[in-house]
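# Reading the structure
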Amino acid sequence: MNWRIHTLSTGDLLLPGFHESGDVIPTHAWALTDGTRWVLVDSGMPSEAEMRAKWKVEARGGGADMLRGALAAISVKPEQIGMIVLTHLHFDHAWNFELFPQAQIVVQRTELFHAIDPVPTQRIYYAKPSYLPLLDRRRPAGLRLIDGDMELLPGLSVMLSPGHTPGMQVALVQTERGTVGLVADLGEEYSAWFPADPRATKHPSNAMRGSFRPGSIRSESEMVYSGSMARVLTRAAIVVPAHDDRIPRMMPDQWWSVPNEAV
Ligand SMILES: [Zn+2]
């Protein structure tokens, strides 16, 4: 089964010095369809008001209104979303569940436990609205906890990919041009995936050719993180990170491994 993928802009975080590409960190989720069903991969971030109140972080947009608007722009209503695959439970990827009372949320069991008691450096990234509402959902209709790699629907699989978090999962989506890896924060910018390629990074390093540059937010070792990235590339023809503005907006119509690559 082939799917079509729409990238949704779900808000911006304004964090100076955090990314090499600038002080504005865009956040993205994805809506996928096989022509009949609609699936969401990640569910957006808190609103700018919530970001300011809870985290003292400036943001633009975000929240349920922005997510609803991004879905409306592709003529999808929240109630059409039958399944939500959460790559992980950080607040900028797992929020706004109130829009989707009927959807089945799919998350790795390991990730849910990590959300409750994360590695100390990640306590700031997990918040109760990202995991407590999950406990109130009916199982398995409203919440499906899984362990490891799994095909969820024909042409849509997840791969357990520890690195950024222990229970991170990457969505592998079959399209007519090949398989897309929606990697979210497992290498959250192209520079992580292609550290020697000047199309991907402002600071290309020849010493890094053929390797990966794992992000600084990670629960696992650099070796485990890089191993997960390598494993994704055994299945995915292209990868699409969550926090890079240069990602394709519609797939397979737009299709590139590296930004500015001829397609
Ligand atoms: Zn994250």
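That block above? That's the structure.
Heads up: these notes are all about the structure in this document. Here the structure is a predicted model, which is why all the values come from computation and not from measurement. (Residues numbered from 1 in each chain as written. Predicted model: local features only at pLDDT ≥ 70, side-chain atom pairs only at ≥ 80, totals over all residues. Heavy atoms only, no water.)

## Quick word on the overall build of the protein
On a plain count of helices and strands, the protein comes out with 6 helices and 13 strands. Whereas a compact globule of 263 residues would reach a radius of gyration of roughly 18 Å, the protein reaches 17 Å, a difference of no more than 12%. Burial status across the protein gives 57% buried among its 263 residues. Nonlocal contacts in the protein, meaning residues at least 24 apart in sequence, comprise 64% of its contacts between residues at least 6 apart. By element, 53% of the accessible surface of the protein is carried by carbon and sulfur atoms, the whole surface being about 11200 Å². A distance of 2 Å separates the average location of the 25 positive side-chain charges in the protein from that of its 29 negative side-chain charges. (Helix = DSSP H or I, 4+ residues; strand = E, 2+ residues; numbered from the N terminus. Rg over C-alpha atoms; globule rule 2.2 N^0.38 Å. Buried < 20%, exposed > 50% of the residue type's maximum accessible area, 1.4 Å probe, protein only. Contact = heavy atoms within 4.5 Å. Areas by Shrake-Rupley, 256 points an atom, 1.4 Å probe, with all protein chains shown as cover. Lys, Arg positive; Asp, Glu negative; His and termini not counted. Charge placed at Lys NZ, Arg CZ, Asp CG, Glu CD.)

## Digging into the coordination of the zinc ion
Bound to the zinc ion on the protein side are His88 (NE2), His90 (ND1), His164 (NE2) and Asp185 (OD), at distances that span 2.2 Å. Coordination of the zinc ion draws on donor residues from a single chain, spaced H-x1-H-x73-H-x20-D in sequence. Looking at His90, the relative accessible area reads 2%, which means it is buried. (Donors = N, O, S within 2.8 Å, 3.2 Å for Na, K, Ca; no water.)

## Side note on helix α3 (residues 109–116)
Looking only at α3, the buried set comprises Glu111, Leu112, His114 and Ala115. Looking straight down α3, one finds that the buried residues subtend no more than 165° of arc, so they occupy a single side. Opposite the buried face of α3, at more than 90 degrees from it, the exposed residues are Phe113 and Ile116. (Arc of directions from axis to C-beta.)

## Focus on the sheet that holds strand β12 (residues 238–241)
Adjacent strands of a sheet form backbone hydrogen bonds with each other and so pair up, either parallel or antiparallel. Reading across the sheet, the 5 strands line up as β8-β9-β10-β11-β12 and stay open at both edges, with mixed pairing between neighbours. Of all strands in the sheet, those bounded by a partner on one side alone are β8 (150–153) and β12. On average, each strand axis in the sheet is inclined to that of its neighbour by 30°, with strand direction left out of account. Pairing between β8 and strand β9 (residues 156–160): 3 bridges, direction antiparallel. Residue pairing for β9: Glu151 is matched across the bridge by Ser157. Its contacts with the sheet put helix α6 (residues 222–235) on β9, β10 (169–175), β11 (178–184) and β12, and the angle it makes with β9 is roughly 155°. (Pairing = 2+ DSSP bridges. Axes fitted to C-alpha atoms, helices over the stretch in contact; angles between N-to-C directions.)

## Let's talk about the nonpolar core
Ranked by size, the top nonpolar core spans 43 residues in total, and within it Trp30, Leu32, Leu182, Leu186, Trp193 and Val232 carry the most contacts. If we skip the residues at most four places from it in the chain, Leu182 touches Ile5, Trp30, Leu32, Val41, Thr87, Val170, Ala171, Val173 and Val240. Leu40, Ile84, Ala94 and Tyr126 belong to the second-largest nonpolar core, a separate cluster that totals 26 residues. (Core = buried A, V, L, I, M, F, W, Y, C linked by side-chain atoms within 4.5 Å.)

## Quick look at the pairing of β11
With 5 of 7 residues buried, β11 is to be regarded as a mostly interior element. Relative to β11, β10 runs antiparallel, the two sharing 5 bridges. Looking at β11, one finds that Ala171 is bridged to Leu182. Between β10 and β11, which pair antiparallel one after the other, the connecting turn spans 2 residues.

So, to be careful, I would describe these as geometric facts and stop short of saying anything about function.
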